[in-house]
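Here are the chains, one letter per residue:
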Amino acid sequence: MTVYLDSVFALNFAVNWLLLRAAARLGAAAVRPRRIAAAAALGAAYAVAVYLPGCGVLAGWAGKLAVTAALLAVAFGLRRETLRLAAVFGGVTLALCGAVYGLELLKHGRVRPSALWYPVTFSSLVLTAGGVYAATRLLLPRLSHAPDSVVPVRLTLGGRRVFLSALRDSGNTLCDPVTGDAVLVADWRCAARLLPHDGLRAADFAAPAALVLRLQRLHPRLIPFRAVGTGSGLLLALPCEEVRIGKSVQKNSLVAFSPTPVSDGGGYEALTGGKCDA
């Protein structure tokens, strides 16, 4: 049998891209298109590699699981939310397998009981994957949040960049008491990723007054807040060189960090600000 590696790469790239996009859409995750494309290319490169001499060992279950884990990490990042998106990705993949199985039944009237491989054409497989992706957009609701309620965010501090997802929350009225500007509230883990050498923990952000002294080189601030079940409190905030929310870019903007997760389901890592209190 003759295998054309360029066709194998193109086919797997297209299918991987559609499945990852469907998983991100269903999981209400704000993911950069470049990450989806890079992950799809990784999966396609793996599909090509298994045909190369001496690389047959990659076709085993260990190789498949390792590449799948790497693919998901590239697409969605190394964070708690990725576990949830991995489950969604698995469900979408199974839906594609079922759709291919159904297509085989429609074309031939039956499927060989012991068959593991079906002679599906390039166009029919891509069209089937496209149909599964379209179904997730048109027929299925997101597993959490309203459409476009989760946006990508990029924080820049000290030349280091961190990417995360944020929920548009009109109820978040936290603002800078000096300027009156709305303040983004992020999970403390985002600060730990921005400052990996400071050994930050959740307990540090629960005592922000002490943390201000520890991070004084960064000119931190304490922002007062009120929340359900909490009469008043303080959050540590850091002035970031740049805060990009969707397509909006803010320079020298404050980001406050919560010692507890801002999302109960892990679908996002930050809350964008609504209108500040007068």
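Here goes a summary of the coordinates provided. All of these numbers come straight from a predicted model, not from anything done at the bench.

**Describing the side chain of D204**
Part 1: Inspection of the secondary structure puts D204 in helix 7 (residues 202-206).
Part 2: A polar contact is formed between the side chain of D204 and the backbone nitrogen of R201, at a distance of 2.8 Å.
Part 3: Beyond its immediate stretch of four places on either side in the chain, D204 contacts G199, L211 and R214.

**Concerning the pairing of strand 2 (residues 160-168)**
Part 1: Where strand 1 (residues 150-157) and strand 2 come together, 8 bridges link them in antiparallel fashion. Counted as the bridge partner of R154 is F163 from strand 2.
Part 2: Counting the residues that bridge the hairpin from strand 1 to strand 2 gives 2 residues, and of these G158 lies at a positive phi of roughly 60 degrees.
Part 3: Of the pairings in the sheet, the one linking strand 2 to strand 7 (residues 270-272) comprises 3 bridges and is parallel in character. Residue R168 lies in a different strand from strand 7, and its bridge partner there is T272.

**Notes on the pattern of salt bridges**
Part 1: Taken as a whole and judged by the stated rule, the model has 6 salt bridges.
Part 2: A salt bridge links E242 to R154, with the nearest nitrogen and oxygen atoms 2.5 Å apart. One end of the pair, E242, is in strand 5 (residues 230-245); the other, R154, is in strand 1, and 88 residues separate them in sequence.
Part 3: Its relative accessible area of 14% is what places R154 among the buried residues.
Part 4: Of the charged contacts in the structure, one is a salt bridge between E242 and K251, with a shortest N-O distance of 2.7 Å.
Part 5: Residue classification places K251 among the exposed positions, given a relative accessible area of 56%.
Part 6: Several salt bridges converge on common partners, so that one network encompasses R154, E242 and K251.

**Quick look at unusual backbone geometry**
Part 1: Phi is positive for H219, which is not a glycine, with a value near 55 degrees.
Part 2: Assignment of secondary structure puts H219 in the loop between helix 8 (208-214) and strand 4 (221-227).
Part 3: One non-glycine residue, N252, adopts positive backbone phi at about 50 degrees.
Part 4: Here N252 shows up in strand 6 (residues 248-258).

**With respect to the packing of aromatic side chains**
Part 1: Overall, the coordinates contain 3 aromatic pairs when judged by the stated rule.
Part 2: Taking the centre distance of 6.3 Å and the plane angle of 40 degrees together, the rings of W188 and F205 count as tilted. Of this pair, W188 sits in helix 6 (residues 188-194) while F205 sits in helix 7, and the two are 17 residues apart along the sequence. Neither W188 nor F205 differs from the other in exposure class; each is buried.
Part 3: Counting every residue linked through ring pairs, the aromatic cluster contains W188, F205 and F257.
Part 4: Above the plane of the ring of W61 lies K64, whose end atom (NZ or CZ) is 4.9 Å from the centre.

**Observations regarding the environment of G77**
Part 1: With respect to the helices, strands and loops of the structure, G77 is situated in the loop between helix 3 (61-76) and helix 4 (80-108).
Part 2: Sequence separation of G77 and R35 is 42 residues, and the distance between their C-alpha atoms is 8.8 Å.
Part 3: With near-sequence residues (within four places) excluded, G77 lies in contact with R35, L72 and T82.

**As for the environment of K64**
Part 1: Mapped onto the secondary structure, K64 falls in helix 3.
Part 2: Along the chain, K64 and Y46 lie 18 residues apart, while their C-alpha atoms are 8.8 Å from each other.

**Focus: the packing of helix 2 (residues 33-49) against helix 3**
Part 1: The N-to-C vectors of helix 2 and helix 3 enclose an angle of 165 degrees; their axes lie 7 Å apart at closest approach. Here helix 3 runs roughly antiparallel to helix 2, going by the angle between their axes. Of the two possible hands of crossing, helix 2 and helix 3 adopt the one that is right-handed. Contacts between helix 2 and helix 3 involve R35, I36, A38, A39, L42, G43 and Y46 from the former and G63, K64, V67, A70, L71, A73, V74, A75 and F76 from the latter.

**What to know about the nonpolar core**
Part 1: L155, L184, L195, F205, L236, V255 and F257 are the most contacted members of the largest nonpolar core, which has 28 residues in total.
Part 2: At the level of secondary structure, the elements contributing two or more residues to this core comprise strand 1, strand 2, strand 3 (184-187), helix 6, helix 8, strand 5 and strand 6.
Part 3: Among the elements that take part in this core, strand 5 stands out by supplying 5 residues, more than any other.
Part 4: Those residues in contact with F257 that lie beyond four places of it in its chain are A186, D187, W188, C190, A191, L194, F205, L235, L236 and L238.
Part 5: Judged by nonpolar contacts, the second largest core, of 27 residues, contains L11, A24, F76 and Y133.

Parameters and conventions
Residues numbered from 1 in each chain as written. Predicted model: local features only at pLDDT ≥ 70, side-chain atom pairs only at ≥ 80, totals over all residues. Heavy atoms only, no water. Helix = DSSP H or I, 4+ residues; strand = E, 2+ residues; numbered from the N terminus. Polar contact = N/O pair within 3.5 Å; in protein donor to acceptor, adjacent residues only side chain to side chain. Contact = heavy atoms within 4.5 Å. Pairing = 2+ DSSP bridges. Salt bridge = Lys/Arg side-chain N within 4 Å of Asp/Glu carboxyl O. Buried < 20%, exposed > 50% of the residue type's maximum accessible area, 1.4 Å probe, protein only. Phe/Tyr/Trp six-rings, centres within 6.5 Å; stacked < 30°, edge-to-face > 60°. Lys NZ or Arg CZ within 6 Å of the ring centre and 35° of its normal. Axes fitted to C-alpha atoms, helices over the stretch in contact; angles between N-to-C directions. Parallel < 35°, antiparallel > 145°, perpendicular 65-115°, else oblique. Left-handed = near helix turned anticlockwise from the far one by under 90°. Core = buried A, V, L, I, M, F, W, Y, C linked by side-chain atoms within 4.5 Å.

Fair warning: the whole summary comes from geometry, so function is off the table for now.
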